[in-house]
Amino acid sequence: MTLTLPGLIVLIVIAAICGAVGKALGGGGGGGFITSIALGFIGALLGPWIAGQLNLGEPFVLRLSGQSFPILWSVIGAALFVALLHLVSGRRRWGWA
């Protein structure tokens, strides 16, 4: 399978959107486009792995140039990754005691 340049650009933009949504859901603050892209791809690895461990299906997958990108699990994986980073770093962003 080969991935064309336009296909790669579309996947990067979709990863950025998934990462930004996941970052917002997970309580993430700063970071820009590159951070969102990284979170989207991390979420695309982490989310489907968790879904596979729980025997859950992939309800919303984008297929482009022979490559698939799990949209829902990417958002969930990115949100969980951001929440885990906050837990490990000890930051309090939610305003609780």
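Residues numbered from 1 in each chain as written. Predicted model: local features only at pLDDT ≥ 70, side-chain atom pairs only at ≥ 80, totals over all residues. Heavy atoms only, no water.

### A word on the overall build of the chain
Okay, so step 1: Looking only at helices and strands, one finds three helices and two strands in the chain.
Okay, so step 2: Within the chain, contacts between residues separated by at least 24 positions form 64% of all contacts whose residues are at least 6 apart in sequence.
Okay, so step 3: Looking at the chain as shown, the accessible area adds up to about 6,100 Å², and 71% of this sits on carbon and sulfur atoms. (Helix = DSSP H or I, 4+ residues; strand = E, 2+ residues; numbered from the N terminus. Contact = heavy atoms within 4.5 Å. Areas by Shrake-Rupley, 256 points an atom, 1.4 Å probe, with all protein chains shown as cover.)

### Notes on the side chain of Ser 36
Okay, so step 1: Summarising the element assignment, Ser 36 is placed in helix H2 (residues 33-53).
Okay, so step 2: Looking at Ser 36, the relative accessible area reads 6%, which means it is buried.
Okay, so step 3: Only 3.5 Å separates the side chain of Ser 36 from the side chain of Lys 23, close enough to count as a polar contact. (Buried < 20%, exposed > 50% of the residue type's maximum accessible area, 1.4 Å probe, protein only. Polar contact = N/O pair within 3.5 Å; in protein donor to acceptor, adjacent residues only side chain to side chain.)

### Some points on unusual backbone geometry
Okay, so step 1: Here Asn 55, not a glycine, exhibits a phi torsion of approximately 55 degrees, which is positive.
Okay, so step 2: As for its placement among the helices and strands, Asn 55 is situated in the loop between H2 and strand E1 (61-64).

### Quick word on helix H3 (residues 71-89)
Structural remark: α-helix, 3.6 residues per turn; residues separated by three or four positions point the same way.
Okay, so step 1: Across its 19 residues, H3 extends 27 Å between first and last C-alpha, which sits within 8% of the 27 Å expected from 1.5 Å per residue.
Okay, so step 2: Among all positions of H3, only Ile 71, Trp 73, Ser 74, Val 75, Gly 77, Ala 78, Ala 79, Val 82 and His 86 are buried.
Okay, so step 3: On its buried face, H3 is in contact with helix H1 (5-25), H2, E1 and strand E2 (67-70).
Okay, so step 4: Gly 90 lies just past H3 and shows a positive phi near 80 degrees. (Expected span 1.5 Å × (residues − 1).)

### Notes on the confidence of the model for the chain
Okay, so step 1: Averaged over every residue, the pLDDT of the chain is 81; the share at 70 or more is 90%.
Okay, so step 2: Mean pLDDT values over the elements of the chain span from 76, in E2, up to 88, in H2. (pLDDT = per-residue confidence, 0-100.)

### Here we look at H2
Okay, so step 1: Along its 21 residues, H2 runs 30 Å from first to last C-alpha, staying within 8% of the 30 Å computed at 1.5 Å per residue.
Okay, so step 2: The sharpest bend along H2 comes to roughly 25 degrees, located at Gly 43.
Okay, so step 3: When we look at burial in H2, the residues that qualify are Ser 36, Ile 37, Leu 39, Gly 40, Gly 43, Ala 44, Gly 47 and Ala 51.
Okay, so step 4: On its buried face, H2 is in contact with H1, E2 and H3.
Okay, so step 5: Just downstream of H2 lies Asn 55, where phi reads positive at about 55 degrees. (Bend = angle between axes of the 7 residues up to and from the residue.)

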